[in-house]
Amino acid sequence: MTSKTASSSVADEAGTKLSPSGFPVKEVPGGYGVPFFSPLKDRLDYYYLQGAEEYFRSRIARNGGATVVRVNMPPGPFITRDSGVVALLDARSFAVLLDDAKVDKTDTLDGTFMPSLKLFGGYRPLAFLDAADPRHAAIKGVVIRLAVARMHQVAPTFNASFGAMFDAVDASIDSGPVQFNKLNQHHMFDFTCCALFGGTQPSKAMGDGAVTKAVKWLLLQLHPIASKVIKPWPLEDLLLHTFRLPFFLVRRDYAALTAYFAEAAAAVLDDAEKAQTGISRDELLHNLVFVAIFNAYGGFKIFLPHLVKWLARAGPALHARLAEEVRAAVPNGSEITVSDVDKMPLVKSVVWEALRVNPPVEFQYGRARQDLVIESHDAAYRVRKGEMLFGYQPMATRDGRVFKDAGEFVPERFVVAGGERGLGNVVWSNGAEDGEAAEGNKQCPGKDMVVAVGRLMVAQLFRRYDTFAADVKDLPLEPIVTFTSLTKASSSRE
Ligand code: HEM
């Protein structure tokens, strides 16, 4: 993929370097402050005193409105040695991070720190490899083929999980509000594993503790950048952000998860061995654990609460339109398929819009492969080879210079004439929505599966219910959505 940004520059008559769009090339404003103390103070601003959005907005304001600025990113001391990044906070500069010719993504998945490889069986998983690394192509090829081959399982597996989830909601709603996240966390783990590999659900194979094992393992990797999980916050900051939690805390959980996947994914591992991918069975197994739990399950755990949140906020008028579209497209009693939801323009638009307003993975990082000139909408900046570039994606996908009413959730945004053109700027999958994952890029190979699951979720909801209401509490990672009432579909109440 090519970006709209430029890496070369020319000079004007006075000898000032100009970017390809004719902006004078400047140094990136902002700074990293006093070593140790400033990264520490910035971490507190980021998590507790300002919050992510305000943290970036205040730095933009401090630097005269520049949307390319030098800032510190958490966790900082003692986990990170170098917290300084060049933050790209508008859609145009952000596009550099999607251009594999310009950024090296080795070890940048989690940002300014790298989790211990002990968490991954001693291997560096695919998502931590750069697109130019030959191992990347070999492993990515396996995952792309897997995602394509399993697409036909997505609808039946999701429909079963949805049924189980909402049977549980219906069974409890008369006695009080029901939290969606807990059910989503449980059922989407079973869904993800079975959709990708078939076989026994983890909750049956490993018991009720399966999800806890998976979430613990995720926390061991992500605790340096997690927040609002422990009270009071000074204790949280000390426990989660200051030192690395040791691997032995999850050694047994990870062994149990790996044993489960060795069996569930045996056919995928056999095929890859026969195809002589150059990746050992053991390395691929640990990669598949990462793909299923971190990439896929981790994503669904965040994405679906955001989707339901926006539906709840939109209210009965949108619900009625969605119900009409879904019920007109799928005869009552028949299974909803991926091709059915592909014929539902409003459902599709709602899902893309949720992914635009709340990209589930908000942070992207990469190191400049060479000296670059990065253009924002109004200026151009010089960045040096090896510098860490960072993008806060919500600010790119809610850029008012690209989308009208960019900060609003507009359900029909991608239905109206020409609306689908905006999909090039919907980049939740680390690439454009009209682009494709490939062995040589870093785009998410689960993209089509994710979009299909979002559409199935909306379609199933409004086939089953006429409308619903929920309380929403916004938290840094995923909103907590609690159903307060659900009205069964009028047709099913007759
Ligand atoms: C809502 C769910 C999902 C979200 C939000 C999501 C998001 C992403 C993002 C943002 C990246 C790029 C990370 C980066 O380099 O900065 C990525 C990469 C990846 N995703 Fe997904 N993903 C989801 C589901 C899935 C699924 C279902 C699969 C299974 C096939 C998958 C497999 C991967 C893999 C293997 C990578 C690494 C690709 C590479 O390094 O080239 N993801 N995903």
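Look up a bit, the structure's there.
This text gives an overview of the structure that appears in the document. (Residues numbered from 1 in each chain as written. Predicted model: local features only at pLDDT ≥ 70, side-chain atom pairs only at ≥ 80, totals over all residues.)

### Considering the overall build of the protein
Reasoning step 1: A count of helices and strands for the protein gives 18 helices and 13 strands.
Reasoning step 2: The C-alpha radius of gyration computed for the protein amounts to 23 Å, which stays within 12% of the reference 23 Å derived for 494 residues, consistent with globular compactness.
Reasoning step 3: In terms of overall dimensions, the protein has C-alpha extents of about 80 × 50 × 50 Å along its principal axes.
Reasoning step 4: By the burial criterion, 46% of the 494 residues in the protein qualify as buried. (Helix = DSSP H or I, 4+ residues; strand = E, 2+ residues; numbered from the N terminus. Rg over C-alpha atoms; globule rule 2.2 N^0.38 Å. Buried ≥ 20, exposed ≤ 12 C-beta atoms within 10 Å, placed from the backbone.)

### Topic: the site of the ligand
Reasoning step 1: If you check the shell around the ligand, you find 25 residues, and the closest are Ala296, Gly299, Asn430, Cys444 and Gly446.
Reasoning step 2: Looking at the shell around the ligand, the elements that each hand over two or more residues are helix H4 (134–149), helix H12 (281–314) and helix H17 (447–464).
Reasoning step 3: Of all the elements, H12 adds the most residues to the shell around the ligand, at six residues.
Reasoning step 4: Looking at the shell around the ligand residue by residue, the classes come out as 16 nonpolar, six polar and three charged. (Near = placed C-beta within 6 Å. Nonpolar A, V, L, I, M, F, W, Y, C, P; charged D, E, K, R; others polar.)

### Remarks on the packing of helix H6 (residues 180–197) against helix H8 (residues 210–222)
Reasoning step 1: Running from N to C, H6 and H8 cross one another at 95°; their axes reach a closest spacing of 10 Å. The pairing of H6 with H8 is recorded here as roughly perpendicular in orientation. The residues of H8 that touch H6, namely those facing Gln185, His186 and Phe189, are Ala210, Val211 and Ala214.
Reasoning step 2: Grouping the amino acids of the contact of H6 with H8 by side-chain chemistry returns four nonpolar, two polar and no charged. (Axes fitted to C-alpha atoms, helices over the stretch in contact; angles between N-to-C directions. Parallel < 35°, antiparallel > 145°, perpendicular 65-115°, else oblique. Contact = placed C-beta atoms within 7 Å.)

### Regarding the nonpolar core
Reasoning step 1: Ala87, Leu88, Ala292 and Leu389 are the most contacted members of the largest nonpolar core, which totals 132 residues.
Reasoning step 2: Among the elements that take part in this core, H12 stands out by supplying 19 residues, more than any other.
Reasoning step 3: Ignoring sequence-local partners within four residues, the contact set of Ala292 consists of Thr192, Cys193, Leu196, Phe261 and Tyr297. (Core = buried A, V, L, I, M, F, W, Y, C linked by C-beta atoms within 7 Å.)

### A few points about helix H13 (residues 316–329)
Reasoning step 1: With 14 residues, H13 extends 20 Å between its outermost C-alpha atoms, agreeing within 8% with the 20 Å of an ideal straight helix rising 1.5 Å per residue.
Reasoning step 2: Taken residue by residue, H13 has His319, Leu322, Ala323, Glu325 and Val326 as its buried positions. The buried residues of H13 occupy one face: seen down the axis, they fall within an arc of 165°. Across from the buried face of H13, at angles greater than 90 degrees, the exposed residues are Ala317, Glu324 and Ala328. (Expected span 1.5 Å × (residues − 1). Arc of directions from axis to C-beta.)

### Let's talk about the pairing of strand E9 (residues 372–375)
Reasoning step 1: The side-chain alternation of E9 yields two buried faces, one formed by Leu372 and Ile374 and the other by Val373 and Glu375.
Reasoning step 2: In terms of strand pairing, E9 meets strand E10 (residues 380–383) through four bridges, oriented antiparallel. Along E10, the bridge assignment pairs Val373 with Arg382.
Reasoning step 3: Between E9 and E10, which pair antiparallel and follow one another directly, the connecting turn spans four residues. (Pairing = 2+ DSSP bridges.)

### Quick look at H12
Reasoning step 1: The terminal C-alpha atoms of H12, which comprises 34 residues, lie 47 Å apart, in line with the 50 Å expected from a rise of 1.5 Å per residue.
Reasoning step 2: The sharpest bend along H12 comes to roughly 30°, located at Tyr297.
Reasoning step 3: Where burial is concerned, most of H12 is hidden: 29 out of the 34 residues are buried.
Reasoning step 4: Looking at the residues trailing H12, positive phi occurs at Gly315, about 85°. (Bend = angle between axes of the 7 residues up to and from the residue.)

### Digging into the sheet that holds strand E12 (residues 465–473)
Reasoning step 1: If you trace the three strands from one edge of the open sheet to the other, you get E7-E13-E12, paired in antiparallel fashion. Two strands lie at the open edges of the sheet, namely strand E7 (178–179) and E12, each paired on one side alone.
Reasoning step 2: For E12 and strand E13 (residues 480–488), the ladder comprises eight bridges, and the chain directions are antiparallel. By the bridge assignment, Val472 is partnered in E13 with Val481.
Reasoning step 3: Along the sheet, helix H5 (residues 151–173) contacts E7 and E13; its crossing angle with E13, the most-contacted strand, is approximately 80°.
Reasoning step 4: Across the sheet, H6 lies against E7 and E13, angled at about 95° from E13, the strand it touches most.

### Looking at the environment of Ala438
Reasoning step 1: Counting through the fold element by element, Ala438 comes out in the loop between helix H16 (393–397) and H17.
Reasoning step 2: Measuring from C-alpha to C-alpha, the distance between Ala438 and Lys140 comes to 7.6 Å, with 298 residues separating the pair along the chain.

### Considerations on the sheet that holds E9
Reasoning step 1: Taken in spatial order, the three strands of this open sheet run E3-E10-E9, and their pairing is mixed. Only two strands of the sheet have a single partner each, and these edge strands are strand E3 (25–27) and E9. Neighbouring strand axes in the sheet, compared pairwise and without regard to direction, differ in orientation by 45° on average.

### Let's talk about the environment of Phe191
Reasoning step 1: Tracing the sequence through the fold places Phe191 in helix H6.
Reasoning step 2: When the C-alpha atoms of Phe191 and Leu49 are compared, they prove to be 38 Å apart, with 142 residues separating the residues in sequence.
Reasoning step 3: Setting aside residues up to four positions removed in sequence, Phe191 forms contacts with Thr157, Phe158 and Ser161.

### Concerning unusual backbone geometry
Reasoning step 1: A cis amide bond links Pro74 with the next residue in sequence, Pro75, at an omega value of 15°.
Reasoning step 2: Mapped onto the elements, Pro75 comes out in the loop between strand E4 (68–72) and strand E5 (84–88).
Reasoning step 3: The peptide bond linking Lys231 to Pro232 adopts the cis configuration, its omega dihedral lying at -5°.
Reasoning step 4: Topologically, Pro232 is positioned in the loop between H8 and helix H9 (233–241).
Reasoning step 5: For Asn430, which is not a glycine, the phi torsion comes out positive at approximately 65°.

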